[in-house]
Every structure is written in structure tokens, then in C-alpha cells.
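Next come the chains, spelled out residue by residue.
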There are 2 protein chains.
Amino acid sequence: MAVTDISIYICCQSLSSTAEYDQHMARWEPDSRGRLERAALVLYAERGFENTTVAEIAARAGLTERTFFRHFADKREVLFWGAEALQALLVSAVEDAPESASPIEAIISALEATGPLFEERRDSARQRQRVINANTELRERELIKLASLASALADALRRRGVPDPAATLTAEAGIAVFRVAFARWVSDNGSRGLPHYIQESLGELQTVTAGRSAAAPAPAVT
Amino acid sequence: MAVTDISIYICCQSLSSTAEYDQHMARWEPDSRGRLERAALVLYAERGFENTTVAEIAARAGLTERTFFRHFADKREVLFWGAEALQALLVSAVEDAPESASPIEAIISALEATGPLFEERRDSARQRQRVINANTELRERELIKLASLASALADALRRRGVPDPAATLTAEAGIAVFRVAFARWVSDNGSRGLPHYIQESLGELQTVTAGRSAAAPAPAVT
């Protein structure tokens, strides 16, 4: 399904709210969270999310189950633990946008600012997307996380004084743009960054909502 | 949450794919589906969806549990059974739109065409919305149904030759417009129909995506 087949990679370690804890742990288990995450993604891809156990993930990472549960509540959280931190980042970017920024400018700039965070993890993002696409429950979970993100962004716009329904519509439009842009960025083997695709998708959304067919060339002036 | 607090009323009897069966049943249980639905909505509102049993719904409607299960698989289906028929209706409206219609015109006309179906059931729609808003699981189910609808509409646009990402973005934009319009229509005590709110919300979406602030007046020409 087009609506749910785009998974936003939100497992950035750089977004971790437990960074200090990780630093402490790293003294005797260097990068244990990253090792568990990489092991989980490989196993989910190899045998399917539903057929993978926490014990197998821990073993593949060369760590104990106890260590797994220090980092993640369950095997699903490996795929979704960064969502809250990503949301907090986007919300504060919207709140901090210059007063002169229009609602859509505030949302789009916030989304573009995630570019560097995602840039170095394109391969993991692709792996995660495949895992999520293959599992209905995970696709639904992703959808709910994105809806929650849209809702939080609409709230942030309201705090900037944007009335409804403009706040809701702008946030929804921003998330639609982000999802399309993210899918293109993940599947692109070239060197263009996420912000390029965000701008491109925003342009497409402006074209389609304005009622002109994106497929049809402009009529020649006679 | 703004994203999930808008429930689309999709329990229209006129959309029933089991209309013939209903007609047959009606000989000895007139309008049993409608009676069960009304009884369920009242009970869900009074004591909460999770605290209502099928036995209670049947009793309130003056019918048996067996009759309930002839019409609905479970108590959740009372709220969602019309979704498939609504989707089929919208998809065929998009496919049948004139060739000259732009993608957004095809989607918006299809959505507007649901107006008469919903018009006579505004009260039930309001009741259903309150029930769904009060329950996380129902809000998530509603979200998934709407995502599935957006996906089906994007597919219908692709069959009209609309390329991606225009197809995806147009369908998503249409659903965002519909949700906002529907919420306004449901909460409006006046006489304006759903199509009025659809046009109004489309106008707002066009304004916000074009980057102009809906809140700010246009600068005076000096």
C-alpha cells in the first residue's frame, strides 16, 4: 500500500535521550545499542520480524539478553525508539523558526534540518524500510507514529498563533511531503540529500493542489 | 490529538453491500441493522466502547445476539463496516471522472459526491465521532482505514495515468481536506452541506501549501 510503504528511519543514535547512559555503558560494551540494532535489522531481513527472538538478536550482537533489555523494551522498539526524540527535535525547530516564516516554511525547514541526521544512515534506513513493509503490524505502527508526529507539529504551529484548520492542514501537508521525499531519498543511489527531495516533493504538492496536472505540459501560448 | 480526533462516518446503510440480504431479513426484523447500530452508539456513548457487550447491544435493540452476529462480526465492526463500500464508491467516482479533470479535481469531486449519503445522518456521525475520540484503539483503527482509503485513491489516480509522486500526494491532500471538512460539517449546527466544507478546506490547503500565511492579510499595495 502506497500510504504505509514508506518508513521513516528514526533510529538515529545521535537522537538518543539516553546518550549519557550509553557513554557510561560503552566502557565495557562499546556501542552495544548500535550492535543490537544492526544485528536486529539483519535478522529481521533474513528471517522476518515475527520469526526473530530477542535471544537471537543478543547472540548475534555478541551480547546478553539482559543487555538487550537495558536498551529496548522489546524487539519492536528497536525499530521505533527514536520517534519521540525526532518529534521533540522537529517541534522545537518549528517553534524556533523566525517569526516571519509562514506555517509551511516553518514545517519544511524543520523537516529539512533532519537531513544531516539521516544522511550517514541511508543503508540502515533502507533495511528498516524493507522490514516494515513486510509486516502489517509494523506498517500500522509506523502510520500511527507519523500521525502522532503530524499532530505534534500542528500543535507547535498553533503555539505560533496559526489558526485551525491551517495548522492541521499545514502539518498534514508537511508529513505527506516528508514521506514521499524520504522514500525517494532512501531508494536513490545518488548523492542528493534529503532536503533536495523535500523541496522537490513540496513543489509537486503545490502543483497538484493548485489543480494543474503534474503530468501535462503547460499549454503553449498562441 | 488533532490527527486522530476526526472520525469519518462510514456506517451508511445506503452503502451496504448486503442490501439485498437486509431486504430479505426485513420481512421479520424490520431495520435490524439500523436498530443494532443505533443501540450500539447509545451504549458506547453512555458506558464506553470497551464496557459494552454484544448481549447488551442486542437487548437494547430488542433483538437476539444471533441477529447481531448476522450483521456484524464484532462490536467494533458496528463502527467500521461501511468503510469498504465507501472506498469502492470513491474509487469508482475517481475512475469515472471526465478525462479533462485534473487529479485534484477528480479526487475532490469524488469526495463531494458523498455529501448526500452523509447529509441525513449528521447526528449519528457526531455520536460516532465522540465514541471514536474516546478510545485509542478506535482512533488508531480509524487512522488505518483512512490511510487505506488514501492508498486506494492513489491507485485509482495511477490507473488514470497520473504518475508518482503526484498520485500519492494528491490522494493524501484529498484525505486531509476531507477529514478537516468532515469534522467541521459534523460540528456545524447550520444548514451547510459537506461539499461546502470540502471546497473551503481545499481553498485553505491551497493557501497554506502556496506558502502564504492564512492568518496574515495580504500586504497593501502602495
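The rules behind these values
Residues numbered from 1 in each chain as written. Chains lettered and ligands numbered in written order. Predicted model: local features only at pLDDT ≥ 70, side-chain atom pairs only at ≥ 80, totals over all residues. Heavy atoms only, no water. Helix = DSSP H or I, 4+ residues; strand = E, 2+ residues; numbered from the N terminus. Buried < 20%, exposed > 50% of the residue type's maximum accessible area, 1.4 Å probe, protein only. Polar contact = N/O pair within 3.5 Å; in protein donor to acceptor, adjacent residues only side chain to side chain. Least-squares fit on C-alpha atoms with pLDDT ≥ 70 in both. Contact = heavy atoms within 4.5 Å. 1 Å grid on protein atoms, 1.4 Å probe; cavity = no way out; pocket = protein on both sides within 12 Å on 5 of 7 lines; lining within 4 Å. Points joined across faces, edges and corners; volume = space filled by probe spheres on them. Nonpolar A, V, L, I, M, F, W, Y, C, P; charged D, E, K, R; others polar. Phe/Tyr/Trp six-rings, centres within 6.5 Å; stacked < 30°, edge-to-face > 60°. Lys NZ or Arg CZ within 6 Å of the ring centre and 35° of its normal. Core = buried A, V, L, I, M, F, W, Y, C linked by side-chain atoms within 4.5 Å. Buried area = accessible area lost by both parts, 1.4 Å probe. Salt bridge = Lys/Arg side-chain N within 4 Å of Asp/Glu carboxyl O. Axes fitted to C-alpha atoms, helices over the stretch in contact; angles between N-to-C directions. Left-handed = near helix turned anticlockwise from the far one by under 90°.

Enquirer: Can you walk me through the environment of Arg139 of chain A in this structure?
Expert: Residue and element names in this part refer to chain A. By the element assignment, Arg139 lies in helix H10 (residues 136-159). Given a relative accessible area of 17%, Arg139 falls into the buried group. Separated by ten residues in sequence, Arg139 and Gln129 have C-alpha atoms that sit 9.5 Å apart. At 2.6 Å, the side chain of Arg139 and the backbone oxygen of Asn133 are in polar contact.

Enquirer: It is not clear to me how the relation of the copies chain A and chain B should be interpreted in this structure. Could you clarify?
Expert: One copy of the chain maps onto the second through a rotation around an axis plus a translation along that axis. For the pair chain A and chain B, the superposition axis carries a translation of 0.0 Å, the fit reaches an RMSD of 0.0 Å, and the rotation angle comes to 180°. Both copies are brought into coincidence by an operation consistent with a two-fold rotation axis. Measuring from the rotation axis to each C-alpha of chain A, the shortest distance belongs to Ala173 of chain A, at 3.4 Å. Most of the interface of chain A is mirrored in chain B, where 100% of its interface residues again form contacts.

Enquirer: It is not clear to me how empty space enclosed by the protein should be interpreted in this structure. Could you clarify?
Expert: The probe, sized like a water molecule, is rolled over the atoms to show the empty space still left. According to the stated counting rule, one finds one cavity of 30 Å³ or more in the structure shown. Reported here for the largest cavity is a volume of approximately 320 Å³. Those elements that provide at least two residues to the lining of the largest cavity are H10 and helix H11 (166-187) of chain A together with helix H10 (136-159) and helix H11 (166-187) of chain B. Taken together, the residues of the lining of the largest cavity break down into 20 nonpolar, no polar and four charged.

Enquirer: Looking at this model, I keep getting lost on the packing of aromatic side chains. Mind explaining?
Expert: Note on aromatic pairs: each is described by the distance of the centres and the angle between the planes. Within the structure shown, the criterion is met by 18 aromatic pairs over all chains. Three or more aromatic residues joined by ring pairs form one cluster here, namely Phe68, Phe69, Phe72 and Trp81 of chain A. Positioned above the aromatic ring of Phe80 of chain A, the side-chain terminus of Arg128 of chain A is 5.1 Å from the ring centre. Over the face of the ring belonging to Phe49 of chain B we find Lys75 of chain B, whose NZ or CZ atom lies 4.6 Å from the ring centre.

Enquirer: What's the story with the nonpolar core in this structure? I'm lost.
Expert: Grouped together as the largest cluster of nonpolar side chains are 86 residues, with contacts concentrated most on Leu153 of chain A together with Leu153 of chain B. Excluding its chain neighbours within four sequence positions, the residues that come into contact with Leu153 of chain A are Leu90, Val91, Val94, Ile107, Ala171 and Ile175 of chain A.

Enquirer: What should I look at first to understand the interface of chain A and chain B in this one?
Expert: The extent of an interface is frequently quoted as the accessible surface area lost upon association of the parts. The interface is formed by 40 residues belonging to chain A together with 41 residues belonging to chain B. Of the roughly 3300 Å² buried between chain A and chain B on both sides combined, carbon and sulfur atoms contribute 74%. The interface formed by chain A and chain B includes four salt bridges. When the shortest N-O distance is used, the salt bridge between Glu172 of chain A and Arg179 of chain B registers 3.6 Å. In this structure, the connection of chain A to chain B is made through five residue pairs in polar contact (both at pLDDT 80 or more). Breaking the side of chain A that touches chain B down by element, the ones donating at least two residues are helix H7 (103-112), H10, H11 and helix H12 (194-209) of chain A. For the side of chain A that touches chain B, the leading source of residues is H11 of chain A, giving eleven residues. Split by residue class, the side of chain A that touches chain B holds 22 nonpolar, ten polar and eight charged.

Enquirer: I keep staring at the pattern of salt bridges and nothing clicks. Help me out?
Expert: Think of it this way: side chains of opposite charge can pair up when their charged atoms draw near. Residue and element names in this part refer to chain A. Tallied over the entire structure, the rule returns 32 salt bridges over all chains. Here Asp188 ties to Arg122 by a salt bridge, and the two come within 3.9 Å at their closest N and O atoms. With Asp188 in the loop between H11 and H12 and Arg122 in helix H9 (residues 122-133), this residue pair connects regions lying 66 residues apart in the sequence. Judged by relative accessible area, which is 11%, Arg122 ranks as buried.

Enquirer: For this particular structure, what's the right way to read unusual backbone geometry?
Expert: Working note: non-glycine residues mostly have negative phi, and peptide bonds are mostly trans. For the bond running from Asp164 of chain A to Pro165 of chain A, omega is 5°, close enough to zero to count as cis. Mapped onto the elements, Pro165 of chain A comes out in the loop between H10 and H11.

Enquirer: Would you mind showing me how to read the packing of H7 of chain A against H11 of chain A here?
Expert: Between two packed helices, the angle of one axis relative to the other and the distance separating the axes together describe the packing. All names here are of chain A. Packing of H7 against H11 leaves a shortest axis separation of 9 Å and a crossing angle of 35°. Read as a crossing pair, H7 and H11 show a hand that is right-handed. Contacts from Pro103, Ile104, Ile107, Ile108 and Leu111 of H7 reach H11 at Thr170, Ala173, Gly174, Val177 and Phe178. Classifying every residue of the contact of H7 with H11 by side-chain character gives eight nonpolar, two polar and no charged.

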